[in-house]
Amino acid sequence: MIKNIFIFLLFYLGVSIHAQEPISLITKSRGKVKYKISSESKYSSNAKVNTPIFSGNAIKTKTKSFARIVYLDDQSTVSAYPKTEVIINGKIEKRMISKHVDITFGIVRINVFDQKLSEFRLTTPHSELQCVECDFWVISDKKAGDRFYKISGNIIVTNLSVLETIELVNDSTLLSLEGTEMGITQTLVTDNKYLELLMIDADEI
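Reading the values: the criteria
Residues numbered from 1 in each chain as written. Predicted model: local features only at pLDDT ≥ 70, side-chain atom pairs only at ≥ 80, totals over all residues. Heavy atoms only, no water. Helix = DSSP H or I, 4+ residues; strand = E, 2+ residues; numbered from the N terminus. Rg over C-alpha atoms; globule rule 2.2 N^0.38 Å. Buried < 20%, exposed > 50% of the residue type's maximum accessible area, 1.4 Å probe, protein only. Contact = heavy atoms within 4.5 Å. Areas by Shrake-Rupley, 256 points an atom, 1.4 Å probe, with all protein chains shown as cover. Disulfide = S-S within 2.5 Å. Phe/Tyr/Trp six-rings, centres within 6.5 Å; stacked < 30°, edge-to-face > 60°. Lys NZ or Arg CZ within 6 Å of the ring centre and 35° of its normal. 1 Å grid on protein atoms, 1.4 Å probe; cavity = no way out; pocket = protein on both sides within 12 Å on 5 of 7 lines; lining within 4 Å. Points joined across faces, edges and corners; volume = space filled by probe spheres on them. Nonpolar A, V, L, I, M, F, W, Y, C, P; charged D, E, K, R; others polar. Polar contact = N/O pair within 3.5 Å; in protein donor to acceptor, adjacent residues only side chain to side chain.

(A) Looking closely at the overall build of the protein chain. In terms of regular secondary structure, the protein chain is built from 2 helices and 15 strands. In terms of overall size, the protein chain behaves like a compact globule, its C-alpha atoms giving a radius of gyration of 17 Å where 205 residues would be expected to give roughly 17 Å. Taken over the C-alpha atoms alone, the protein chain extends approximately 45 × 35 × 35 Å along its principal axes. Split into buried and exposed, the 205 residues of the protein chain put 46% on the buried side. Across the protein chain, the fraction of contacts at a sequence separation of at least 24, relative to all contacts at a separation of at least 6, is 45%. Of the accessible surface of the protein chain, which amounts to about 10800 Å², a share of 53% is contributed by carbon and sulfur atoms.

This is how it looks when you write it as structure tokens:
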């Protein structure tokens with residue numbers, strides 16, 4: 001069923017003449033998950049499986065909630081864990097999508113497949129991340145900053161407030177906070193266990 005929906009929406013991407021077209025799809029929703037379009041000020045809609053997402057739509061998860069959003073061109077995924085707010089952006093060109101995700105706060109895992117048009121870009125209140133093909137976690141907090149965990153790929157993180165750029169490395173945690181130099185520490189076993197438990201609770205393992 002989901003495969004048929006993807007085929008339909010991919011066809012729609014190629015033939016639609018409307019100014020705005022869906023760029024992604026909610027493929028999994030657990031607990032209280034809301035979404036809103038860019039022109040709305042409040043989250044008034046429940047996020048349901050197979051809901052099409054347009055560029056600028058925001059997703060917000062509550063406690064013990066989870067949502068997975070899949071881009072329609074190559075099935076790159078954005079997984080939003082509890083107490084998270086993300087904005088899904090993209091520009092369609094030649095039936096492919098230039099992808100950009102904004103994280104307001106929360107816990108997100110992103111798996112990006114090989115990008116042909118341009119690099120994938122992620123922004124948080126503290127940092128900017130770029131990659132072509134990558135898999136990583138980010139935990140973003142407005143006060144405590146960002147923690148990045150690499151799973152695979154070549155990933156560059158920039159803290160614009162101090163004009164510093166660092167590449168993520170395996171088994172390390174990159175810390176980024178506005179107005180402070182970035183730091184790298186060895187990833188704690190407790191952090192790995194925490195991320196694993198999040199996936200188990202969301203039935204992602």
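(B) Representation of unusual backbone geometry within the structure. A positive phi angle, near 55°, is found at Leu163, a position not held by glycine. Of note, Leu163 is situated in the loop between strand S12 (145–159) and strand S13 (164–167). For Leu163, a relative accessible area of 74% translates into the label exposed.

(C) Representation of the state of the cysteines within the structure. What the rule picks out here adds up to 1 disulfide. Each disulfide pairs two cysteine sulfurs, and for Cys131 the partner residue is Cys134, the sulfurs being separated by 2.0 Å. Accessibility expressed as a relative area gives 1% for Cys131, which makes it buried. A relative accessible area of 1% places Cys134 in the buried class.

(D) Structural context of the packing of aromatic side chains. Applying the stated rule across the entire model yields 2 aromatic pairs. Summarising the aromatic geometry, the rings of Tyr81 and Trp137 are spaced 5.0 Å apart at their centres and angled 40° between planes, so their arrangement reads as tilted. Placement of Tyr81 in the loop between strand S7 (77–80) and strand S8 (84–93) and of Trp137 in strand S11 (residues 128–141) is noted, with a sequence separation of 56 residues between them. With respect to class, Tyr81 is no different from Trp137; both count as buried. An aromatic cluster is defined as three or more aromatic residues linked by ring pairs; in this entry it consists of Phe66, Tyr81 and Trp137. In this arrangement the basic side chain of Lys36 is found over the ring face of Tyr43, its NZ or CZ atom lying 5.4 Å from the centre. The ring of Tyr71 is capped by Lys99, whose NZ or CZ atom sits 5.4 Å from the centre of that ring.

(E) Region of interest: the layout of surface pockets. By volume, the largest pocket is sized at about 200 Å³. Elements with a minimum of two residues in the lining of the largest pocket: S12 and helix H2 (189–201). The element contributing the most residues to the lining of the largest pocket is H2, with 4 residues. Class assignment of the residues belonging to the lining of the largest pocket gives a composition of 5 nonpolar, 4 polar and 3 charged.

(F) Quick look at the side chain of Gln115. Take Gln115: it is sitting in the loop between strand S9 (96–112) and strand S10 (120–123). On the accessibility criterion, Gln115 (9% relative accessible area) is buried. There is a polar contact of 2.9 Å between the side chain of Gln115 and the side chain of Asp74. A distance of 2.8 Å separates polar atoms of two side chains, one belonging to Gln115 and the other to Lys99. Those residues within four positions of Gln115 in sequence are excluded, and the remaining contacts are Asp74, Ser76, Ile97, Lys99, Phe120 and Val132.

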